[in-house]
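Residue-level listing of the chains:
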Amino acid sequence: MKHNHINLALRFTLVFFLTVGSFAGYGFHHFQGAGELTVTAASRGPVRAPHGMVASTSSIASQVGVDILERGGNAVDAAIAVAFAEAVTHPAAGNIGGGGFMMIRLKNGKATAIDYREMGPAAANRNVYLDQDGNLIKGEGSSTIGYRAAGVPGTVRGMELALKKYGSGKLTWAQLTEPARRLAAEGFPLSHSYAASLRGNSDLLAPYEDSKRIFLNNGKFFKEGELLRQPELAATFARLQKYGPNEFYEGETARLIAQDMKRHNGLITLADMHNYVAKEREPLRSTYRGHEIISMPPPSSGGAVLIEMLNILEGYDLKSFGWSSADRYHLMTEAMRRAFADRAEFMGDTNFVKVPVAGMIDKKYAASLRQTIATDHASTSAEVRAGKPPGYESEETTHFTVVDKDGNAVANTYTLNGGYGSGVTAKGTGILLNNEMDDFAAKPGTPNAYGLIQGENNAVAARKRPLSAMTPTFVLRKDGSLWFAIGSPGGPTIINTVLQVITDIVDYDMNIQQAVDAPRIHHQWLPDEIAYEPYGLSSDTKHALEALGHKLVSKPRYMGDAEGIMIEEKTGVRLGASDPRGGDSAAIGY
Ligand code: DON
């Protein structure tokens, strides 16, 4: 048996070296500085491959996806295998105990969105995270830590729906869950960054017996290069493989989760598991300088906020301002401030509340907001309240992107919310549970873990989905063909990461790797400050922004982990870009 573990570890290490190594610097496929790279910002060139490409935060999972593509699977098949593999290799965010969104664009141009966001358990209500005095509960029992923080997981139902409707039919559920089962059973070697991440989260994980044993090596911690084996998770995947997705919601796995919840005063019951539904939704569509933008509708705020910001910025000739100019940062910040104010006021699960999505993404509304932006001084967030969009109508996440040989594409962002979610591994399942309930406004008007102020529309309720910022997005060429697909983790910074990647490509002619690498800023209305990455702004630019009245704060860490794929116009070559901010990320093609 031991032999096998080592073989698998070696195989992945070798595959990683051969594939990533050869694409990323040593081999024929790498064209840094070649012809089409007219912009010279220092980035390695994107990874090139003629047929298919997977860009994810986990090199092992990217290789799993490429294997599926090579076996004749389409982008959706590969995405499902990647999602399950990351539940093993990227336990901070990859999951079957959480939820997310899968945007799919088929080669015939049809685009759709699979919503597998967690749902509030039946016992959830607007007071469930408040103490007797109406204050937010802290620690165990709160919306952020422990058993009560978890919403009903959606990932397995989401993958089931995606496979049923959009899989190639060539690969079975059992085949797509197998790489994850094997990785969990045999283990995989922990990278330096992962070993450090697990140790760094010991306060969160240690109080829960199974989390401590599995992820903290029973308190002894794992070292770089050691194998992380997850036998209970392997057994869970084996059950899923044998009995199908219903097993998770109605079988032994559901029973184990509900039993552990009951024992620890959690909210999720067996009935909640039974009642979970994934939904197919119509994506939001708009244009930016003639390029169609296709993005995620509610219960994500991502698509609507992204489009509102792009619409505001479209009225300015961003290109005429230098990329790193204070003017560009100023206008971008003012767009962020206004769109995030609208997010706070209006957005929530549209199955429960009315959200003026059509108004928020209306170009005339953006024009009216532009009227409120001065070029010579910053607004304050105190003066910028949510606008009046017309017409009411009825720190871990992970994104990966897949394009197959036929041109079908998947942009998938899914999450446990915080890194390692609630910290709880449901006993006997190996499944880390999310803390997505904190994406609700546990107390409307009071900031959540991301400092986001959110309104009544996003108050906690049974069977409601918490508002998300996840923004898996497609951008098309003017001829209607796929140009690139992108997404990122980072809580509220997600939407601004996607915004900046899009404008860096459309307005500043960056290639996809340069756009992914480029330093980013973030403003979310409140707190009224521009956060920037370490070394991300020059002192001159900072001083110019301060002179306009902006407040600046340096983020201690980087923002996001954008994983994208672009299609090269003339050749159709797939150009993969993984984010250097993600320690183990890799774009791998074939
Ligand atoms: O859905 C959301 O918006 C959040 N739960 C995402 C959390 C996240 O990206 C954390 N990552 N750094």
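Reading the values: rules and limits
Residues numbered from 1 in each chain as written. Predicted model: local features only at pLDDT ≥ 70, side-chain atom pairs only at ≥ 80, totals over all residues. Heavy atoms only, no water. Helix = DSSP H or I, 4+ residues; strand = E, 2+ residues; numbered from the N terminus. Rg over C-alpha atoms; globule rule 2.2 N^0.38 Å. Areas by Shrake-Rupley, 256 points an atom, 1.4 Å probe, with all protein chains shown as cover. Near = heavy atom within 4 Å. Polar contact = N/O pair within 3.5 Å; in protein donor to acceptor, adjacent residues only side chain to side chain. Nonpolar A, V, L, I, M, F, W, Y, C, P; charged D, E, K, R; others polar. Axes fitted to C-alpha atoms, helices over the stretch in contact; angles between N-to-C directions. Parallel < 35°, antiparallel > 145°, perpendicular 65-115°, else oblique. Left-handed = near helix turned anticlockwise from the far one by under 90°. Contact = heavy atoms within 4.5 Å. Pairing = 2+ DSSP bridges. Buried < 20%, exposed > 50% of the residue type's maximum accessible area, 1.4 Å probe, protein only. pLDDT = per-residue confidence, 0-100. Phe/Tyr/Trp six-rings, centres within 6.5 Å; stacked < 30°, edge-to-face > 60°. Lys NZ or Arg CZ within 6 Å of the ring centre and 35° of its normal. Expected span 1.5 Å × (residues − 1). Arc of directions from axis to C-beta. Salt bridge = Lys/Arg side-chain N within 4 Å of Asp/Glu carboxyl O.

## Some words on the overall build of the chain
Step number 1: For the chain, the count of helices and strands is 19 helices and 21 strands.
Step number 2: In terms of overall dimensions, the chain is globule-like: its C-alpha atoms have a radius of gyration of 22 Å, near the 25 Å expected for 590 residues.
Step number 3: Surface summary for the chain: the accessible area is close to 20800 Å², and the carbon and sulfur share equals 53%.

## Regarding the site of the ligand
Step number 1: Neighbouring the ligand are 15 residues, the closest being Thr 397, Glu 436, Asp 439, Ala 469 and Gly 491.
Step number 2: Residue Thr 397 places a side-chain N or O atom 2.4 Å away from an oxygen atom belonging to the ligand.
Step number 3: Note that an oxygen atom of the ligand is positioned 2.6 Å from one of the backbone N or O atoms of Gly 491.
Step number 4: Protein chains bury 97% of the 340 Å² of accessible surface belonging to the ligand in isolation.
Step number 5: Across the shell around the ligand, the residue classes tally to five nonpolar, five polar and five charged.

## Thoughts on the packing of helix H13 (residues 302-314) against helix H17 (residues 493-506)
Step number 1: For the pair H13 and H17, the least separation of the axes is 9 Å and the interaxial angle reads 40°. When the interaxial angle is binned, H13 and H17 end up oblique. Crossing of H13 against H17: the hand is right-handed. Packed against H13, whose contacting residues are Gly 302, Val 305, Leu 306, Met 309, Leu 310 and Leu 313, the element H17 presents Ile 495, Asn 496, Val 498, Leu 499, Ile 502 and Thr 503 at the interface.
Step number 2: Residues of the contact of H13 with H17, tallied by class, amount to nine nonpolar, three polar and no charged.

## So, the sheet that holds strand S10 (residues 396-403)
Step number 1: Strand order in the open sheet formed by seven strands is S7-S4-S3-S11-S10-S2-S21, with antiparallel pairing between adjacent strands. Among the strands making up the open sheet, the edge pair consists of strand S7 (279-281) and strand S21 (586-589). Strand-to-strand, the axes of this sheet are offset by a mean angle of 15°, without reference to chain direction.
Step number 2: As paired strands, S10 and strand S11 (residues 409-417) are joined by eight bridges and run antiparallel to one another. The residue of S11 that forms the bridge with Thr 401 is Ala 411.
Step number 3: Helix H4 (residues 155-166) rests against strand S3 (99-105), strand S4 (111-116), S7 and S11 of the sheet, and its axis sits at about 155° to S4.

## With respect to unusual backbone geometry
Step number 1: A cis amide bond links Pro 298 with the next residue in sequence, Pro 299, at an omega value of 15°.
Step number 2: Assignment of secondary structure puts Pro 299 in the loop between strand S9 (291-295) and H13.
Step number 3: Positioned with a positive phi, Asn 265 is a non-glycine residue whose angle comes to about 65°.
Step number 4: Mapped onto the elements, Asn 265 comes out in the loop between helix H11 (252-263) and helix H12 (270-275).
Step number 5: The exposure class of Asn 265 is exposed, given its relative accessible area of 52%.
Step number 6: Backbone geometry places Asp 509, a non-glycine residue, at a positive phi of 60°.

## Things to note about the confidence of the model for the chain
Close reading of the predicted structure is inappropriate where its pLDDT is low.
Step number 1: Mean pLDDT over the chain works out to 92, with 92% of the residues at or above the 70 mark.
Step number 2: No element of the chain has a lower mean pLDDT than helix H1 (residues 2-26), at 31, and none a higher one than helix H3 (residues 75-89), at 99.

## With respect to the sheet that holds strand S16 (residues 521-522)
Step number 1: With respect to topology, three strands assemble into an open sheet ordered S16-S17-S18, the strand pairing being mixed. The outermost strands of the open sheet, each flanked by one partner alone, are S16 and strand S18 (552-554).
Step number 2: Relative to S18, strand S17 (residues 530-532) is paired through three bridges, and the arrangement is parallel. In the sheet register, Tyr 532 faces S18, and the bridge partner there is Ser 554.

## Observations regarding the packing of aromatic side chains
Step number 1: Scanning the model with the defined rule gives eight aromatic pairs in all.
Step number 2: Where Tyr 249 meets Tyr 276, the ring centres are 5.9 Å apart and the plane angle is 20°; that geometry is what we call stacked. Here Tyr 249, found in helix H10 (residues 246-250), pairs with Tyr 276, found in the loop between H12 and S7; they are 27 residues apart in sequence, far enough to count as distant.
Step number 3: Sitting over the face of the ring of Tyr 329, Arg 328 holds its NZ or CZ atom 5.0 Å from the ring centroid.

## Some points on the packing of H13 against helix H16 (residues 363-370)
Step number 1: For the pair H13 and H16, the least separation of the axes is 8 Å and the interaxial angle reads 60°. Classed by the angle they form, the pair H13 and H16 counts as oblique. The crossing of H13 and H16 is right-handed. Facing H13, whose interface residues are Glu 308, Asn 311, Ile 312 and Glu 314, H16 presents Lys 363, Tyr 365, Ala 366, Leu 369 and Arg 370.
Step number 2: For the contact of H13 with H16, the class distribution of residues is four nonpolar, one polar and four charged.

## Here's the deal with helix H5 (residues 173-186)
Step number 1: Over its 14 residues, H5 runs 20 Å from end to end, which matches the ideal 20 Å to within 8%, given 1.5 Å per residue.
Step number 2: In the segment just after H5, Gly 187 is the residue with positive phi, at about 90°.

## Digging into helix H6 (residues 192-200)
Step number 1: Regarding H6, the residues found buried are Tyr 194, Ala 195 and Leu 198. Across the axial projection of H6, the buried residues extend over an arc of 100°, all falling on one side. Facing away from the buried surface of H6 by more than 90 degrees, the exposed residues are His 192 and Gly 200.
Step number 2: Buried-residue contacts for H6 involve H3, helix H7 (202-205) and helix H8 (209-215).

## Side note on the pattern of salt bridges
Between side chains of opposite charge, a pair can form when the charged atoms approach closely.
Step number 1: Summed over all chains, the structure comprises 32 salt bridges.
Step number 2: Across the pair Glu 456 and Arg 126 runs a salt bridge, and its minimum N-O distance is 2.8 Å.
Step number 3: Owing to a relative accessible area of 36%, Arg 126 belongs among the partly exposed residues under this scheme.
Step number 4: Put simply, Glu 250 and Arg 157 hold a salt bridge, and the shortest N to O gap is 4.0 Å. Placement of the pair is Glu 250 in helix H10 and Arg 157 in helix H4, with a sequence separation of 93 residues.
Step number 5: The exposure class assigned to Arg 157 is buried, which follows from its relative accessible area of 11%.

## What about the pairing of S4?
Step number 1: Buried residues dominate S4, accounting for six of its six residues.
Step number 2: Burial along S4 is two-sided: Ala 111, Ala 113 and Asp 115 and Thr 112, Ile 114 and Tyr 116, pointing in opposite directions, are all buried.
Step number 3: As paired elements, S3 and S4 share six bridges and run antiparallel to each other. Its bridge partner lying in S4, Met 103 is registered against Ala 113.
Step number 4: Following S3, the chain reverses through five residues before pairing antiparallel with S4; Gly 109 in that reversal takes a positive phi of roughly 95°.
Step number 5: Alignment of S4 against S7, held across three bridges, turns out to be antiparallel. Bridged to Ile 114 within S7 is Glu 280.

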